[in-house]
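# Survey of secondary and tertiary structure
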Amino acid sequence: YLLQLTHEDKSWLKLGFAKDMQIRTKGYGLLEGTECSLLFYRSLSTGYEAMDIEKSIHREMTNYKLDSKEMKMYMTSTGHTECYPMEVQDELLSRLERLNT
């Protein structure tokens, strides 16, 4: 999945995988008032497949990741190491959409 998260004037992207999106997003420890928008979601046959795809994209996009220490201020529990700036939205969506072919 690819989420857009917004808290006040800060927006960022979160790439990940989950069996249950609601449980996963609650686990982030998001600051009160943070809005979540689902930009992309694809159901895969196994969790291992989803994990492999996610890891591959994170490796390819590692230079674009947001600073995890800064993101921990917005995502106080988990997920803060897998965040990207809004500027790479098109690139991430392009990579994810290629999975559908």
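Notes on the structure in this doc start here. Here the structure is a predicted model, which is why all the values come from computation and not from measurement. (Residues numbered from 1 in each chain as written. Predicted model: local features only at pLDDT ≥ 70, side-chain atom pairs only at ≥ 80, totals over all residues. Heavy atoms only, no water.)

## Here's the deal with the overall build of the protein chain
Our working definition: The way it works is that DSSP assigns letters per residue, a run of H or I at least four long becomes a helix, a run of E at least two long becomes a strand, and they are numbered from the N terminus. Using C-alpha atoms as the atom set, the radius of gyration is obtained and then compared with a globule rule of 2.2 Å times the number of residues to the power 0.38. In this scheme, a residue with accessible area under 20% of its type's maximum is buried, one over 50% is exposed, and one in between is partly exposed, where area comes from a 1.4 Å probe on protein chains only. Residues count as neighbours in contact if any of their non-hydrogen atoms are within 4.5 Å of one another.
The helix and strand inventory of the protein chain stands at four helices and four strands. Its helices and strands in sequence order give the protein chain the pattern β-β-α-β-α-α-β-α, from N to C terminus. Computed over its C-alpha atoms, the radius of gyration of the protein chain comes to 13 Å, within 12% of the 13 Å expected for a compact globule of 101 residues. C-alpha atoms of the protein chain, sized along the principal axes, occupy 35 × 30 × 20 Å. Counting only residues that meet the buried cut, the protein chain has 38% of its 101 residues in that class. The long-range fraction of contacts in the protein chain, counting pairs at least 24 apart against all pairs at least 6 apart in sequence, stands at 68%.

## Considerations on helix H4 (residues 89-97)
Note the threshold: Picture the helix axis, draw a direction to every C-beta atom, and the arc is the one those directions span.
Along H4, the residues that are buried comprise Leu92, Leu93, Arg95 and Leu96. Looking straight down H4, one finds that the buried residues subtend no more than 160 degrees of arc, so they occupy a single side. Those residues of H4 that are buried are in contact with strand E1 (2-7), strand E2 (10-15), strand E3 (35-40), helix H2 (47-60) and strand E4 (83-84).

## Focus on the packing of aromatic side chains
Condition: Geometry of aromatic contacts follows a simple scheme: Phe, Tyr and Trp rings, the Trp one being its six-membered ring, pair when their centres are within 6.5 Å, and the pair is stacked under 30 degrees between planes, edge-to-face over 60, tilted otherwise.
Applying the stated criterion across every chain yields a total of one aromatic pair. Ring geometry for Trp12 against Tyr74: centres 5.2 Å apart, planes inclined by 50 degrees, an arrangement best described as tilted. Here the residue Trp12 occupies a position in strand E2, and Tyr74 occupies one in the loop between helix H3 (68-71) and E4, the gap between them amounting to 62 residues. Taking the relative accessible area as the measure of exposure, Tyr74 reaches 17% and is therefore buried.

## A word on the side chain of Lys14
Let me state the cut-off plainly: What qualifies as a polar contact is a pair of N or O atoms within 3.5 Å, subject to a donor-acceptor requirement within protein and to the restriction that residues adjacent in sequence count only when both atoms come from side chains.
Tracing the sequence through the fold places Lys14 in strand E2. You can call Lys14 buried: its relative accessible area is 2%. Within the local environment of Lys14, its side chain forms a polar contact with the side chain of Glu82, the two groups lying 2.6 Å apart.

## Observations concerning the pairing of E2
Test applied: One requirement defines pairing of two strands: DSSP has to find at least two bridges between them.
The element E2 is largely enclosed, with a buried count of five among its six residues. For E1 and E2, the ladder comprises six bridges, and the chain directions are antiparallel. Following the sheet pairing, Thr6 is matched in E2 by Ser11. As consecutive antiparallel partners, E1 and E2 are separated by two residues, and within that stretch Glu8 has a phi angle of approximately 50 degrees, a positive value. As judged from the two bridges shared by E2 and E4, these two strands associate in the antiparallel manner. By the bridge assignment for E4, Lys14 is matched with Cys83.

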